Amino acid sequence: MYAKKTALTVLSAALLVPWTLAAPAHAAPADGKGRARKAPAPPASMSTVGGTALGQPGTQVNLLPGAPALPTNLTGRSWIVADAESGEVLAAYNSHWRLPPASTMKMLFADTVLPSLPKDRVHKVTEEDLEGVGPGSSLVGVKEDLEYTVHDLWLGVFLKSGNDAVHVLSAMNGGIEKTVKDMQAHAEELQALDTHVVSPDGYDAPEQVSSAYDLTLIARSGLQKQDFREYCGTATALFPGRQEAGKPREFFEIQNSNRLMTGAGGISPYKGIAGVKNGNTTMAGATFTGAAQRGEKKLLVTVMNPDGGGANSVYEQTASLLDWGFAAAGKVKPVGELVPPKSADTTSFGSPAQSHEDDAGSASAGGAGGSGLGTAMGIAGGALAVLAGGALVVNRRWPRGRRGPGGPDTP
């Protein structure tokens, strides 16, 4: 047996910088000679799931009197700030742009597969289990002919983003092909219709895409599961190593690659961070979805593919947007909402959103509805706040929405 560590880290809020509605909240990237580079343009028309404004390119925000300005350090191709409980989208930038997700796709993998595999189930890894792990993949160090519990493997998925652990769990779920189909079906149930799954680990593959909106929707669903919350909120843990006959099993420490949680790479840990998942590949660039709480307010932020700024850029921009979201609470008019799953949508407005598999263009807006996600992501003062199993209380109700098709009124 070994000790499992779960931790949340804290830091002081960063300063907000001025921003005006006349200027885009997206800094112009520069090349190596200091000249502005032309960034790829988002589609002129995107999905309107969650609100018509979310289908428009560019920054979507409606500042009320006294609202803080958006930060100006934002270079992500897409981002979103949402209230984790109400589902209200406070601000967004190209949030339905379908982009490569990298390992943030593992949130959908976990939300889909985690409930079907008992955490104490033991599995002896075979050579076939590890087939197809892509070259250059992030690995936790799973070895064939050794035994691991499902709990061990999920720690490898969330902390080290281990594609080897993903492949073993997929094998236990019936194989890669079945797992991909399960994930796609679950994405459509969540109305995450920008998402097309090719590999369960998020490894670069043609046509594998998601969006800042979808990743936030998926994270919100995952955070309703106690085990998901436990794993994504774990800072460090011990992972099984070699096993020699007649000797105790060896273990080695693994650390969460979420730098806002651990403070690795020279970045300060973020006050109230509770997960959820980061990623980085050649096609996707850096991606990150983060959840945090201050007081009674719980926020979700996703940033996809910031241009320049180094390895910490995606975390720095997420922190800036979280700071803005906490400061802006109650001072902005929502520009959209995170819709509930199809099966939980009790509204009488319109019909469920159509799958992008039938139409590669913009998805139609789904029936609007508020959420009931009461994540209660607790914060403690001092250097560390420890999460015990079940410390995040969840309200599973999905109340009837207040608005018709297209989400809330838009400015």
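The structure under discussion appears in the preceding block.
Parameters and conventions
- Residues numbered from 1 in each chain as written.
- Predicted model: local features only at pLDDT ≥ 70, side-chain atom pairs only at ≥ 80, totals over all residues.
- Heavy atoms only, no water.
- Buried < 20%, exposed > 50% of the residue type's maximum accessible area, 1.4 Å probe, protein only.
- Helix = DSSP H or I, 4+ residues; strand = E, 2+ residues; numbered from the N terminus.
- Pairing = 2+ DSSP bridges.
- Patch = residues over 30% accessible without salt bridge, like charges linked within 9 Å, V, L, I, M, F, W, Y side chains within 5 Å.
- Areas by Shrake-Rupley, 256 points an atom, 1.4 Å probe, with all protein chains shown as cover.
- Salt bridge = Lys/Arg side-chain N within 4 Å of Asp/Glu carboxyl O.
- Lys, Arg positive; Asp, Glu negative; His and termini not counted.
- Charge placed at Lys NZ, Arg CZ, Asp CG, Glu CD.
- Contact = heavy atoms within 4.5 Å.
- Phe/Tyr/Trp six-rings, centres within 6.5 Å; stacked < 30°, edge-to-face > 60°.
- Lys NZ or Arg CZ within 6 Å of the ring centre and 35° of its normal.
- Core = buried A, V, L, I, M, F, W, Y, C linked by side-chain atoms within 4.5 Å.

Q: Explain helix α2 (residues 150–160) here, please?
A: One turn of an α-helix holds 3.6 residues; hence residues three or four places apart share an orientation. The buried fraction of α2 is high, at 10 of 11 residues. Residues V150, H151, D152, L153, W154, L155, G156, V157, F158 and L159 constitute the buried set of α2.

Q: What am I meant to see in the pairing of strand β4 (residues 88–93) here?
A: The two faces of the sheet receive side chains in turn, since in a regular strand these alternate between them. The buried fraction of β4 amounts to five of the six residues, a majority that puts the element mostly inside the structure. The sheet contact formed by strand β2 (residues 59–61) and β4 spans three bridges and is antiparallel. Bridge pairing in β4 links Q60 to A92. In this structure, strand β3 (residues 76–83) lies alongside β4, joined through four bridges in antiparallel fashion. Directly across from V81, in β4, lies its bridge partner A91.

Q: Explanation requested: a negative patch on the surface in the structure shown.
A: Taken together, the side chains of E127, E128, E131, E144 and D145 present a region of like negative charge at the surface. Looking at where E127 falls in the secondary structure, it is placed in the loop between β5 (122–124) and β6 (147–149).

Q: Sorry if this is basic, but what is going on with helix α3 (residues 163–172) here?
A: In terms of burial, α3 is a largely internal element, nine of the 10 residues being buried. Those residues of α3 that sit buried are N163, D164, A165, V166, H167, V168, L169, S170 and M172. Where α3 is buried, its residues meet α1 (105–113), β5, α2 and α4 (176–189). Remark: G174 follows α3 within two positions and exhibits a positive phi of approximately 110°.

Q: Is there a simple way to think about the packing of aromatic side chains in this case?
A: The geometry of an aromatic ring pair is captured by the separation of the ring centres together with the interplanar angle, meaning the angle of the planes. Tallying each qualifying case throughout the model produces eight aromatic pairs. Between the aromatic rings of W154 and F158, the centroid separation amounts to 6.3 Å while the plane-to-plane angle is 50°, which identifies the pairing as tilted. With W154 and F158 both in helix α2, this residue pair falls four residues apart, about one helical turn. Neither W154 nor F158 differs from the other in exposure class; each is buried. Just above the ring of Y148 sits the side chain of R249; from NZ or CZ to the centre is 5.2 Å.

Q: In this structure, what is going on with the nonpolar core? I would like to understand it.
A: The nonpolar side chains of soluble globular proteins are, as a tendency, buried together. The biggest cluster of nonpolar side chains holds 63 residues, and the ones touching the most others in it are V142, W154, F158, L169 and F228. At seven residues, α2 tops the list of elements feeding residues into this core. Residues I273, L299, V303 and V332 belong to the second largest nonpolar core, which totals 30 residues.

Q: I keep staring at the pattern of salt bridges and nothing clicks. Help me out?
A: Close approach of charged atoms allows side chains of opposite charge to pair. Summed over the entire model, instances satisfying the criterion amount to 10 salt bridges. A salt bridge links K178 to D182, with the shortest nitrogen-to-oxygen separation between them at 2.7 Å. Of this pair, K178 and D182 both sit in helix α4, four residues apart, roughly one helical turn. Of the residues examined, D182 reaches a relative accessible area of 25% and is grouped as partly exposed.

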